[in-house]
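Coordinate analysis (summary)
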Amino acid sequence: MLLTSCGFSARHTLGPERLSLGIKIFANEGREPDLERRLHQQLTLAAQHLVDAPLVAPSHADVTLSGRILEYHTRGGVRGKDNVLLERGVDLTIEASLHDSSGLLLAGPVTLRQDVGHTTREPGGPRAAEDRAVANLAEGVILDLLVDLEQRRRESQKAALKTP
């Protein structure tokens, strides 16, 4: 309780002039239809937890998160006695970046890959594995972009201090 009273927050800022965030639906270059919609839902949830800026429509946002699903593959995995398939997996790769309202690149692009396995006996195995992969990627891409944004901000401040 003491931390909240002193203004501490675990959420990250986009910067002083960047007051809102918009998340575009990612392009889907993978082979799984409608995966971009599930990714968008997870990106929205992750942004609500990680970013200290209201989410607005991308057309009205100070900062826009955009990207694409690069690859989607399923894979075979562990086989047991008599060559029975016991485990499979989902391999998903996405690329994302942050832009300001004029289209200027603020952070990224970053590329993340997630490989999630599931047993063949797991109820809803492929779908559950996809859901885990998408949730992990959504959180990871936002964190990576926030780190890149902060590094670029610091480099810009250092450069500004060096110029007379």
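Since we're looking at a predicted model, the values are computed, not measured. Per chain, residue numbering runs from 1 following the sequence as it is written. Under the rules for a predicted model, residues below a pLDDT of 70 receive no local features and side-chain atom pairs below 80 are neither given nor counted, while totals for whole chains, interfaces and linings still include all residues. Values reported for side chains reflect all heavy atoms of the structure, with hydrogen atoms and water molecules removed beforehand.

Quick word on the pattern of salt bridges
- One speaks of a salt bridge when a side-chain nitrogen belonging to Lys or Arg is within 4 Å of a carboxyl oxygen belonging to Asp or Glu. Tallied over the entire structure, the rule returns 11 salt bridges.
- The salt bridge involving Asp131 is made with Arg38; its shortest N-O contact spans 2.8 Å. One end of the pair, Asp131, is in helix H3 (residues 125–162); the other, Arg38, is in helix H2 (residues 35–50), with 93 residues separating them in the sequence.
- Among the residues examined, Arg38 registers a relative accessible area of 11% and is labelled buried.
- Here Glu150 ties to Arg154 by a salt bridge, and the two come within 3.0 Å at their closest N and O atoms. Think of it this way: any DSSP run of H or I at least four residues long counts as a helix, any run of E at least two long counts as a strand, and we number them from the N terminus. Throughout, exposure labels follow a simple rule: accessible area from a 1.4 Å probe, protein chains only, divided by the maximum for the residue type, with under 20% read as buried, over 50% as exposed, and the rest as partly exposed.

Focus on the side chain of Ser97
- Looking at where Ser97 falls in the secondary structure, it is placed in strand E4 (residues 87–100).
- Accessibility expressed as a relative area gives 9% for Ser97, which makes it buried.

Section: the pairing of strand E3 (residues 63–76)
- Whether two strands pair comes down to DSSP finding at least two bridges between them. Inspection of the sheet shows strand E1 (residues 21–23) paired to E3 by three bridges, in the parallel sense. Among the inter-strand pairings, Leu21 is bridged to a residue of E3, identified as Val63.
- Relative to E3, strand E2 (residues 27–28) runs parallel, the two sharing two bridges. By the bridge assignment for E3, Asn28 is matched with Ile69.
- Chirality of the crossover, the property in question, places the unit of E2, H2 and E3 among those that are left-handed.
- For E3 and E4, the ladder comprises 13 bridges, and the chain directions are antiparallel. Across the sheet, the residue bridging to Thr64 is His99, located in E4. Here the term right-handed applies to a crossover when the path leading from its first strand over the helix to its second strand runs clockwise, the strands being oriented away from the viewer.

Examining the nonpolar core
- By convention a nonpolar core is built from buried Ala, Val, Leu, Ile, Met, Phe, Trp, Tyr and Cys residues, the set being connected through side-chain atoms within 4.5 Å. Among the nonpolar cores identified, the biggest contains 36 residues, and Leu21, Leu43, Val51, Leu65, Leu98, Val141 and Ile142 are the most heavily contacted of them.
- Contributions of two or more residues to this core are made by E1, H2, E3, E4, strand E5 (105–119) and H3.
- Here this core takes 10 residues from H3, the largest share from any one element.
- Not counting the four nearest positions on each side in its chain, Ile142 is found in contact with Leu43, Ala46, Ala47, Leu50, Val51 and Leu65. Every residue pair with non-hydrogen atoms within 4.5 Å of one another is taken to be in contact.

Some remarks on the pairing of E4
- Most of E4 is tucked away, with 11 of its 14 residues classed as buried.
- Of the strand pairs in this sheet, E4 and E5 are connected by 12 bridges, and their pairing is antiparallel. Paired with Leu98 across the two strands is Ala107, which belongs to E5.
- With antiparallel pairing between neighbouring strands as the criterion, E4 and E5 make up a hairpin whose turn holds four residues, including Gly103 at a positive phi of roughly 95°.

Considerations on empty space enclosed by the protein
- Put simply, the grid is 1 Å and covers the protein atoms alone, a cavity is a trapped set of points that fit a 1.4 Å probe, a pocket is an open set with protein on both sides within 12 Å along at least five of seven lines, and lining residues have an atom within 4 Å of a point. Grid points are joined across faces, edges and corners, and a volume is the space filled by probe spheres set on the points. Within the structure shown, the criterion is met by one cavity of 30 Å³ or more.
- The space that makes up the largest cavity amounts to roughly 60 Å³.
- In this structure, the largest cavity is lined by Leu14, Leu21, Val51, Leu65, Leu98, Ile142, Leu145 and Leu146.
- Considering each element in turn, the lining of the largest cavity owes the most residues, three residues, to H3.
- Considered class by class, the residues forming the lining of the largest cavity number eight nonpolar, no polar and no charged. By the convention adopted, Pro, Cys, Tyr, Trp, Phe, Met, Ile, Leu, Val and Ala count as nonpolar, Lys, Arg, Asp and Glu as charged, and the other residues, Gly among them, as polar.

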